[in-house]
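Results of the structural survey
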Amino acid sequence: RPVVASMPDLPTWVPDWLGSALPLNNDFFTGGLGIAAIGFTMGVVRGSAQTATRMARRHLMMTLEVTSKDPAYPWMLGWLANHRVQHLTVSTKIVRGDVDGRERTEFQFSPGPGRHVVWVQGRPIMITRERSTEARDLQKGEPWETVILTTFGRD
């Protein structure tokens with residue numbers, strides 16, 4: 001006996017004209033619909049996750065940005081030098097004595113470019129130090145730098 005493929009029952013919300021126009025008894029077509037539905041669902045989930053992350057950053061986190069042109073920038077680097085980080089940058093300064101003319105060398109360590117996490121009063125602070133290779137401070141000739149501090153909360 002020949003096998004006759006029967007038309008699957010459609011949900012009530014599908015219009016009759018659409019059900020008759022779709023070849024729902026074709027396995028390739030229904031498989032493609034299943035894959036398309038899975039892809040659509042994954043796209044919605046990914047978009048929702050991105051929106052939730054963006055909203056959480058906007059409403060639950062605080063960010064402070066200090067550029068190398070700001071007068072507080074050297075102070076910020078000094079403050080960060082007092083916290084333990086793994087990747088450091090050193091600034092060397094040679095100081096000549098006024099009376100005896102002897103030279104002495106001073107070193108100042110600060111977090112290097114990249115991401116760092118320090119704990120202050122039991123709260124994690126993520127530090128991102130960025131150094132631009134294209135932009136330069138025209139007065140000093142040094143590369144343009146930015147330090148961004150990010151933490152949870154608003155205070």
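Everything below is about the structure printed above this text.
Now for a quick tour of the structure. (Residues numbered from 1 in each chain as written. Predicted model: local features only at pLDDT ≥ 70, side-chain atom pairs only at ≥ 80, totals over all residues. Heavy atoms only, no water.)

With respect to helix α3 (residues 73-81)
- Within the sequence span of α3, burial applies to Tyr-73, Met-76, Leu-77 and Leu-80. Taken around the axis of α3, the buried residues stretch over an arc of 100°, which confines them to a single face. More than 90 degrees from the buried face of α3, the exposed residues found are Pro-74 and Trp-75. (Buried < 20%, exposed > 50% of the residue type's maximum accessible area, 1.4 Å probe, protein only. Helix = DSSP H or I, 4+ residues; strand = E, 2+ residues; numbered from the N terminus. Arc of directions from axis to C-beta.)

Section: the side chain of Thr-89
- Looking at where Thr-89 falls in the secondary structure, it is placed in strand β2 (residues 88-96).
- Thr-89 sits in the buried class, given a relative accessible area of 18%.
- Beyond its immediate stretch of four places on either side in the chain, Thr-89 contacts Gln-108, Phe-109, Ser-110, Pro-111, Gly-112, Pro-113, Arg-129 and Arg-131. (Contact = heavy atoms within 4.5 Å.)

Section: the pattern of salt bridges
- In total, this model carries four salt bridges according to the counting rule given.
- Across the pair Glu-145 and Arg-129 runs a salt bridge whose closest N-O atoms are separated by 2.6 Å. Taken together, the positions of Glu-145 in strand β6 (residues 143-152) and Arg-129 in strand β5 (residues 123-136) put the pair 16 residues apart, joining distant regions of the chain. For the pair Glu-145 and Arg-129, a shared accessibility class is recorded, and that class is buried.
- In this structure, Arg-131 engages Glu-145 in a salt bridge whose closest nitrogen and oxygen atoms are separated by 2.8 Å. (Salt bridge = Lys/Arg side-chain N within 4 Å of Asp/Glu carboxyl O.)

What to know about the side chain of Ser-68
- Locating Ser-68 in the fold gives a position in the loop between β1 (61-67) and α3.
- Among the residues examined, Ser-68 registers a relative accessible area of 13% and is labelled buried.
- Dropping the residues within four chain positions of it, Ser-68 is found in contact with Tyr-73, Pro-143, Trp-144 and Glu-145.

Things to note about the nonpolar core
- Core analysis: the largest hydrophobic core is formed by eleven residues, namely Val-66, Tyr-73, Met-76, Leu-77, Leu-80, Val-85, Val-118, Ile-125, Ile-127, Val-147 and Leu-149.
- Broken down by secondary-structure element, the contributors of at least two residues to this core are α3, β5 and β6.
- Excluding anything up to four places from it in sequence, Tyr-73 contacts Val-66, Thr-67, Ser-68, Arg-129, Glu-145 and Val-147. (Core = buried A, V, L, I, M, F, W, Y, C linked by side-chain atoms within 4.5 Å.)

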